[in-house]
There are 2 protein chains.
Amino acid sequence: MTPERSARLRAVLARRQPDLALVTDFVNKQRNLSAIVRNCDAAGVMQLHAVLGEEDYRAYRGTAMGSHRWVEVVRHDSAGDAIADLQSRGHQVLAAHLGEGARDYREIDYCRPTAVLMGAERRGVSETARAAVDGFITVPMMGMVESYNVSVASGIILAEAQRQRAEAGLYDRCRIDAATYQRLLFEWAHP
Amino acid sequence: MTPERSARLRAVLARRQPDLALVTDFVNKQRNLSAIVRNCDAAGVMQLHAVLGEEDYRAYRGTAMGSHRWVEVVRHDSAGDAIADLQSRGHQVLAAHLGEGARDYREIDYCRPTAVLMGAERRGVSETARAAVDGFITVPMMGMVESYNVSVASGIILAEAQRQRAEAGLYDRCRIDAATYQRLLFEWAHP
Ligand SMILES: C[S@@+](CC[C@H](N)C(=O)[O-])C[C@H]1O[C@@H](n2cnc3c(N)ncnc32)[C@H](O)[C@@H]1O
Ligand SMILES: C[S@@+](CC[C@H](N)C(=O)[O-])C[C@H]1O[C@@H](n2cnc3c(N)ncnc32)[C@H](O)[C@@H]1O
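Residues numbered from 1 in each chain as written. Chains lettered and ligands numbered in written order. Predicted model: local features only at pLDDT ≥ 70, side-chain atom pairs only at ≥ 80, totals over all residues. Heavy atoms only, no water.

1. Focus: the packing of helix α1 (residues 3-13) of chain B against helix α7 (residues 178-189) of chain B
All names here are of chain B.
Moving on, step 1. Contact pair α1 / α7: the axes reach a minimum separation of 10 Å and the direction vectors enclose 140°. With respect to α7, the element α1 is oriented oblique. Note on packing geometry: the crossing formed by α1 with α7 is right-handed. For the pair α1 and α7, the contacting residues are L9, R10, V12 and L13 in the first and Y181, L184, L185, W188 and A189 in the second. (Axes fitted to C-alpha atoms, helices over the stretch in contact; angles between N-to-C directions. Helix = DSSP H or I, 4+ residues; strand = E, 2+ residues; numbered from the N terminus. Parallel < 35°, antiparallel > 145°, perpendicular 65-115°, else oblique. Left-handed = near helix turned anticlockwise from the far one by under 90°. Contact = heavy atoms within 4.5 Å.)

2. Here's the deal with the sheet that holds strand β4 (residues 92-96) of chain B
Residues and elements named next belong to chain B.
Moving on, step 1. Spatially, the seven strands line up as an open sheet ordered β3-β2-β1-β6-β4-β7-β5, and their pairing is parallel. With one partner strand each, in any of the chains shown, β3 (72-76) and β5 (103-104) form the two edges of the open sheet.
Moving on, step 2. Sheet analysis places strand β2 (residues 47-51) next to β3, joined by five bridges and oriented parallel. Residue pairing across strands places V51 opposite H76, the latter belonging to β3.
Moving on, step 3. Contacting β1 (20-25), β2 and β3, helix α2 (residues 30-43) crosses the sheet at an angle of about 170° to β1.
Moving on, step 4. On top of the sheet, helix α6 (residues 150-167) reaches β1, β4, β6 (114-119) and β7 (135-138); it is set at about 165° to β6, its chief contact. (Pairing = 2+ DSSP bridges.)

3. Quick look at the sheet that holds strand β6 (residues 114-119) of chain A
Residue and element names in this part refer to chain A.
Moving on, step 1. Across the sheet, which stays open at both edges, the seven strands sit in the order β3-β2-β1-β6-β4-β7-β5 with parallel pairing between neighbours. The open sheet has two edge strands with one neighbour each: β3 (72-76) and β5 (103-104).
Moving on, step 2. Most of the contacts of helix α2 (residues 30-43) go to strand β1 (residues 20-25), to which it runs at about 170°, and overall it touches β1, β2 (47-51) and β3.
Moving on, step 3. Contacting β1, β4 (92-96), β6 and β7 (135-138), helix α6 (residues 150-167) crosses the sheet at an angle of about 165° to β6.

4. A few points about the site of ligand 2
Moving on, step 1. For ligand 2, the set of nearby residues contains 19 residues, the closest of which are A96, G119, R122, V139 and Y148 of chain B.
Moving on, step 2. Taken together, the residues near ligand 2 originate from chains A and B.
Moving on, step 3. A distance of 3.0 Å separates a nitrogen atom of ligand 2 from a polar backbone atom of Y148 of chain B.
Moving on, step 4. Relative to its unbound accessible area of 560 Å², ligand 2 is 85% covered by the protein chains.
Moving on, step 5. The set of elements that each furnish at least two residues to the shell around ligand 2 consists of β6, β7 and α6 of chain B.
Moving on, step 6. Looking at the shell around ligand 2, its residues break down into eleven nonpolar, five polar and three charged. (Near = heavy atom within 4 Å. Polar contact = N/O pair within 3.5 Å; in protein donor to acceptor, adjacent residues only side chain to side chain. Areas by Shrake-Rupley, 256 points an atom, 1.4 Å probe, with all protein chains shown as cover. Nonpolar A, V, L, I, M, F, W, Y, C, P; charged D, E, K, R; others polar.)

5. A few points about the interface of chain B and chain A
Moving on, step 1. With 35 residues of chain B in contact, the opposing surface of chain A contributes 35 residues.
Moving on, step 2. At the boundary of chain B with chain A, total buried surface from both sides reaches about 3100 Å², with 61% on carbon and sulfur atoms.
Moving on, step 3. Considering only the side of chain B, the residues that lose the most area to chain A are R38, M142 and M144 of chain B, jointly responsible for 27% of the buried surface there.
Moving on, step 4. At the junction of chain B with chain A, the criterion picks out 18 residue pairs in polar contact (both at pLDDT 80 or more).
Moving on, step 5. Counting only elements with at least two residues in the side of chain B that touches chain A, the list comes to α1, α2 and α6 of chain B.
Moving on, step 6. Element by element, the count of residues in the side of chain B that touches chain A is highest for α6 of chain B, at eight residues.
Moving on, step 7. Taken together, the residues that form the side of chain B that touches chain A break down as 18 nonpolar, eight polar and nine charged. (Buried area = accessible area lost by both parts, 1.4 Å probe.)

6. Describing the site of ligand 1
Moving on, step 1. Taken together, 19 residues form the shell around ligand 1, and within it A96, G119, R122, V139 and Y148 of chain A come nearest.
Moving on, step 2. Around ligand 1, the neighbouring residues derive from chains A and B rather than from a single chain.
Moving on, step 3. Residue G119 of chain A places a main-chain N or O atom 2.8 Å away from an oxygen atom belonging to ligand 1.
Moving on, step 4. Measuring from a nitrogen atom of ligand 1, one finds a backbone N or O atom of V139 of chain A at 2.9 Å.
Moving on, step 5. Taken by itself ligand 1 offers 560 Å² of open surface, and the protein chains cover 84% of this.
Moving on, step 6. Elements supplying a minimum of two residues to the shell around ligand 1: β6, β7 and α6 of chain A.
Moving on, step 7. Residue composition of the shell around ligand 1, grouped by class: eleven nonpolar, five polar and three charged.

7. A word on unusual backbone geometry
The bulk of non-glycine residues show a negative phi, and the bulk of peptide bonds are trans.
All names here are of chain A.
Moving on, step 1. Its identity is not glycine, yet F26 carries a phi of approximately 65°, on the positive side.
Moving on, step 2. By the secondary structure assignment, F26 is in the loop between β1 and α2.
Moving on, step 3. With a relative accessible area of 31%, F26 lands in the partly exposed category. (Buried < 20%, exposed > 50% of the residue type's maximum accessible area, 1.4 Å probe, protein only.)

8. Regarding the environment of A95 of chain A
Residues and elements named next belong to chain A.
Moving on, step 1. Along the polypeptide, A95 turns up in strand β4.
Moving on, step 2. Along the backbone, A95 and G135 are 40 residues apart, and their C-alpha atoms lie at a distance of 6.3 Å.
Moving on, step 3. Apart from residues lying up to four places away in sequence, A95 is in contact with L117, V125, V133, G135, F136 and I137.

9. With respect to the relation of the copies chain B and chain A
Moving on, step 1. Expressed as a screw operation, the relation of chain B to chain A combines 0.0 Å of axial shift with a rotation of 180°, fitting to an RMSD of 0.0 Å. Seen this way, the second copy is the image of the first under a two-fold rotation axis. (Least-squares fit on C-alpha atoms with pLDDT ≥ 70 in both.)

10. Considering the packing of aromatic side chains
All names here are of chain A.
Moving on, step 1. Here the structure, examined in full by the defined rule, presents two aromatic pairs over all chains.
Moving on, step 2. Ring geometry for W70 and W188: centres 5.0 Å apart, planes at 85°, overall edge-to-face. Taken together, the residues W70 in the loop between α3 (54-63) and β3 and W188 in helix α7 (residues 178-189) connect sequence positions 118 residues apart. Comparing W70 with W188 shows no difference in burial state: the two are buried. (Phe/Tyr/Trp six-rings, centres within 6.5 Å; stacked < 30°, edge-to-face > 60°.)

Listed below in structure tokens is the structure:
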């Protein structure tokens, strides 16, 4: 590995955000999952919690692109477990949702430990997830179409989270512990 | 048509932005074009200028989703023509691009007449377009992956344009002329 490559891996690791997560609630089109993984990587999200059937997950792993290496994809059988786990680790879990009562996504404080949950392509956010999350956020739309593509919606929300965290200096100092840093540096450097 | 439907069409028309446009420079995956059309509709963009071969365009029209009805897709043979046309109508044309010298997309004043040009999935922004645009904008990324999916990048940029225009009150009064309003209302109501 060249010194430049090593420096790049270290710089990216030093910008990782251990307290920003994404959950997908039965999003199952591989191209959407792949675009979402890219969005996660771009914002420094370390883990994508994919609530997904075993088979869809295997199909996805089989075809996925390089960005997998940079974002850990953790499969869950149920949205309830994934949400409870994140909440128990202090995250506010917010579902991106189109219904009434959802707050404008820019009103949220994303510098707090936060997980954003994205609904499935057709059915949106499941009832299980709706009952368990801490709140709902929506990206305002001015047109006729009722929703964005799920990867686009997650990209818009994560860009706002990134903006807030950049302003707060959260990308300016390493935020992961030494053991995790060393483990990831090793894994990234030796695929 | 129900009175509710008619009121909805009128409300959306009254939020259309005749001086905000999107150009795609040989973006040719249909799912990306479809997601981009949804992004346009959401921000009030009335026209998508698609620089695209005749065949790709026909394939796209053949399979496209409902959002087409709300956004006019204009095909162009060359990026040069599309850009010159928009510039002659007073638009700043900005290419979304990953190279050096590009400005952070949030530094731009999108309340000015503006067209955002998106590059192709593989090749990015063409040389023709690079030579013709008024400037370059980039969405900062904190990770290892070098680019967003093109529909995600366009969604992030248009969400910022929409935010600025909403703040400036540009969605609060009808901005299209009476003749265009009547023509579109008729077309939207009678598919
Ligand atoms: C294609 S949408 C699902 C539409 C579904 N028919 C519904 O009514 O929920 C897929 C997911 O993208 C996200 N999404 C799309 N547009 C959104 C918006 N404007 N605000 C918040 N989330 C959005 C939500 O997580 C949604 O569940
Ligand atoms: C997948 S990218 C193309 C990557 C191509 N290999 C390149 O080097 O340009 C497709 C298009 O999405 C847009 N795009 C993707 N990520 C972007 C970013 N971070 N900033 C600005 N535009 C971006 C650009 O218009 C780009 O041409």
